[in-house]
Amino acid sequence: MMKKLFAEFFGTFWLVFGGCGSAVFAAGYPDLGIGFVGVSLAFGLTVLTMAYAVGHISGGHFNPAVSFGLWAGGKFEAKDLLGYIVAQLIGAFVAAGALYLIITNKSDFVTIGGFAANGYADLSPDGYSMMAALIAEFLLTMFFLLIILGSTNERAPKGFAPIAIGLGLTLIHLISIPITNTSVNPARSTSQALFAGGEFISQLWLFWLAPIAGAIVAGFIHKTLFDKE
């Protein structure tokens with residue numbers, strides 16, 4: 001079990017460090033910035049690479065919503081939920097701390113700003129409402145879990161699941177960065193909000209509720225309609 005928890009720690013660390021790091025350091029870099037497309041690819045690549053690296057050890061969740069969705073789909077035991085979620089939260093927090101240390105040691109540092117945190121209304125990148133954020137995060141996480149459950153099903157082609165999952169997360173970010181800065185992952189949202197502070201923390205509830213609800217719905221859909229012949 002400890003190997004599984006360490007795999008979840010390192011996988012979630014890499015997701016936050018690579019995905020949020022690309023948003024914090026590289027997205028708006030003058031002239032050569034990677035923009036929304038680059039950040040979307042970065043998040044997808046973190047999951048793809050760590051799914052191949054440690055997915056065979058822990059299942060490669062790296063996300064509390066994924067753990068809940070796999071439980072709802074009958075692919076994960078309830079007794080392991082707490083341990084996985086704690087490992088994911090610690091990995092995300094340590095990664096955010098590393099990002100904080102890097103950005104605050106820049107020569108012209110003034111503020112960390114939004115720190116790639118998620119938000120709605122005034123904290124939405126393009127001013128989307130709470131309802132818009134709720135719908136987007138619910139639906140996108142639901143489809144993310146359908147991709148995960150479908151691509152890892154025993155009847156799916158073997159060895160390609162990390163590619164489908166990584167590209168799925170890339171697409172999710174391409175859709176929703178302007179809406180909420182894209183969560184679909186409560187651990188990623190929590191780590192950044194704790195450092196960004198203020199209203200980002202008060203809005204954190206939505207980025208737990210919507211992704212977990214969407215993931216659980218997807219788990220039940222897959223279990224009921226798609227899991228068996």
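Keep in mind that what you see is a predicted model, and the values were worked out from it rather than measured. (Residues numbered from 1 in each chain as written. Predicted model: local features only at pLDDT ≥ 70, side-chain atom pairs only at ≥ 80, totals over all residues. Heavy atoms only, no water.)

Considering unusual backbone geometry
Now for step 1: Located in the positive-phi region is F62, a residue other than glycine, with phi close to 60°.
Now for step 2: Its place among the elements puts F62 in the loop between α2 (35–58) and α3 (64–72).
Now for step 3: Assessed through its relative accessible area of 1%, F62 is described here as buried.
Now for step 4: The phi dihedral of A121 is positive, around 55°, even though this residue is not glycine.
Now for step 5: With respect to the element layout, A121 can be found in the loop between α4 (81–104) and α5 (130–151). (Helix = DSSP H or I, 4+ residues; strand = E, 2+ residues; numbered from the N terminus. Buried < 20%, exposed > 50% of the residue type's maximum accessible area, 1.4 Å probe, protein only.)

Details of helix α9 (residues 206–226)
Now for step 1: With 21 residues, α9 extends 29 Å between its outermost C-alpha atoms, agreeing within 8% with the 30 Å of an ideal straight helix rising 1.5 Å per residue.
Now for step 2: Within the span of α9, buried status applies to L206, F207, A210, P211, I212, G214, A215, A218, G219 and H222.
Now for step 3: Looking at the buried residues of α9, the elements they touch are α3, α5, α6 (161–180) and α7 (186–196). (Expected span 1.5 Å × (residues − 1). Contact = heavy atoms within 4.5 Å.)

Looking at α6
Now for step 1: Spanning 20 residues, α6 covers 26 Å between terminal C-alpha atoms, matching the ideal 28 Å at 1.5 Å per step.
Now for step 2: Taken as a whole, α6 carries its principal kink of about 40° at L174; the proline P178 stands between one and four residues after it.
Now for step 3: Once α6 finishes, N181 follows within two positions and takes phi at roughly 75°, a positive value. (Bend = angle between axes of the 7 residues up to and from the residue.)

Here we look at the packing of aromatic side chains
Now for step 1: Tallying each qualifying case throughout the model produces 9 aromatic pairs.
Now for step 2: Look at F13 and F17: their rings are 5.6 Å apart centre to centre, the planes differ by 10°, and that puts the pair in the stacked class. Of this pair, F13 and F17 both sit in helix α1 (residues 2–26), 4 residues apart, which is roughly one turn of that helix.
Now for step 3: The rings of F6, F9, F10, F13 and F17 are connected pair by pair, giving a single aromatic cluster. (Phe/Tyr/Trp six-rings, centres within 6.5 Å; stacked < 30°, edge-to-face > 60°.)

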